[in-house]
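# A closer look at the structure
Given next are the chains, with one letter for each unit.
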Amino acid sequence: MSFSTKRSDFEWSYFDIKLPQKPIDMISPSISIIDQDRTFSSIISSLLSKNESPCYQITGIHSHVNDLSGLKNERPDFVLLEISFLGSAFEEVIVVLKKIVPASQLIILTSEARQDIIIRCLKAGADGYVLKTLDFHSIITALNTTQHGGVPLSRVAAKAVIEVFRPNSKSILTRREGEIMNLVSHCKSYSEISEQLNIGKHTARTHIRNIYKKLHVNKKSEAIRIARREKIIVA
């Protein structure tokens, strides 16, 4: 699989390890690691394979993404992906990985802490986002969380997710207008808005007219688009 990533985005390192499979009666949760940092990959691989409960099986360590088809044969339960060396191609890589090994849980294990990058990774299909740390137990916790159906997120990642759904505290709309705009975004009629907020239908129309003026729009669809962009509404 080739990606339209310029060489200037990151330097390739052709390091690919295939570790021996364990006997069937000793099968443990399996992990494939994709990271250009050979030292970190080796340390994590060693620590995970020595962990007692559970003992993880490292099926592959990859330091490039030129050809990810080998993951089909590895069929890992987890894929740990470092995105910092992928440049602008990280979303494309995530999408391709989810197609190649759809049953695998894809966890971003990275030093990249930008809020917009975190959200883009999760939207692209990542099953978790964990920052690299010297605390090995945080990685074990992330893997265990995923195994039990949770979504592992470092504190900075959790905060980024919360911020996406947090209304803008500096909104140009009043609290009441914000409530009405939220109902408008859910396709509520004037009658439904007036009934739900216990206000007159004429009052609801007046509020909506004022909302349109403040947002400088003439149509409901434009008002909803701007309200979502400015985080006036969060759904």
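These numbers come from a predicted model, not from an experiment. (Residues numbered from 1 in each chain as written. Predicted model: local features only at pLDDT ≥ 70, side-chain atom pairs only at ≥ 80, totals over all residues. Heavy atoms only, no water.)

### Here we look at the overall build of the protein
Each helix and strand counted, the protein has 10 helices and 6 strands in total. Looking at the 235 residues of the protein, the share that counts as buried comes to 43%. Taking contacts inside the protein between residues at least 6 apart in sequence as the whole, the part at least 24 apart equals 70%. Surface exposure of the protein reaches about 13,100 Å², of which carbon and sulfur atoms provide 52%. (Helix = DSSP H or I, 4+ residues; strand = E, 2+ residues; numbered from the N terminus. Buried < 20%, exposed > 50% of the residue type's maximum accessible area, 1.4 Å probe, protein only. Contact = heavy atoms within 4.5 Å. Areas by Shrake-Rupley, 256 points an atom, 1.4 Å probe, with all protein chains shown as cover.)

### A few points about the packing of helix α7 (residues 175-185) against helix α9 (residues 201-215)
Closest axis-to-axis distance for the α7/α9 pair is 10 Å, and the angle between their directions is 95°. Taken together, the axis directions place α7 and α9 in an arrangement best described as roughly perpendicular. Residues Arg 176, Glu 177, Ile 180, Met 181 and Val 184 of α7 lie in contact with α9, whose contacting residues are His 207, Ile 208, Asn 210, Ile 211, Lys 214 and Leu 215. Residue classes in the contact of α7 with α9 are distributed as 6 nonpolar, 2 polar and 3 charged. (Axes fitted to C-alpha atoms, helices over the stretch in contact; angles between N-to-C directions. Parallel < 35°, antiparallel > 145°, perpendicular 65-115°, else oblique. Nonpolar A, V, L, I, M, F, W, Y, C, P; charged D, E, K, R; others polar.)

### Side note on the nonpolar core
A general tendency of soluble globular proteins is for nonpolar side chains to be buried together. In terms of nonpolar packing, the biggest core is built from 27 residues, with Ile 34, Leu 81, Ile 83 and Cys 121 touching the most fellow members. The dominant element in this core, judged by the number of residues it contributes, is helix α3 (residues 90-100), at 6 residues. Apart from the residues within four sequence positions on either side, Ile 34 is in contact with His 62, His 64, Val 65, Leu 68, Leu 71, Val 79, Leu 80, Leu 81, Glu 82, Phe 85 and Leu 97. Listed in part, the 20 residues of the second largest apolar core include Leu 215, Ala 223, Ile 224 and Ile 233. (Core = buried A, V, L, I, M, F, W, Y, C linked by side-chain atoms within 4.5 Å.)

### A few points about the packing of α7 against helix α8 (residues 190-197)
α8 packs onto α7 with a crossing angle of 135° between their chain directions and a minimal axis gap of 10 Å. In terms of their interaxial angle, α7 and α8 are classed as oblique. In the crossing of α7 with α8, the sense of the turn from one axis to the other is right-handed. Packed against α7, whose contacting residues are Arg 176, Glu 179, Ile 180, Leu 183 and Val 184, the element α8 presents Ile 193, Gln 196 and Leu 197 at the interface. Across the contact of α7 with α8, the residue classes tally to 5 nonpolar, 1 polar and 2 charged. (Left-handed = near helix turned anticlockwise from the far one by under 90°.)

### Focus on the pairing of strand β4 (residues 78-81)
Both faces of β4 are covered, namely the face carrying Phe 78 and Leu 80 and the face carrying Val 79 and Leu 81. Inspection of the sheet shows strand β2 (residues 30-34) paired to β4 by 4 bridges, in the parallel sense. Looking at β4, one finds that Ile 34 is bridged to Leu 81. Across 4 bridges, β4 lies against strand β5 (residues 105-110) in parallel orientation. Bridging from a neighbouring strand, Leu 81 pairs with Ile 108 of β5. After leaving β4, the chain enters α3 and then returns to the sheet as β5, a path that is right-handed. (Pairing = 2+ DSSP bridges. Right-handed = clockwise from strand over helix to strand, strands pointing away.)

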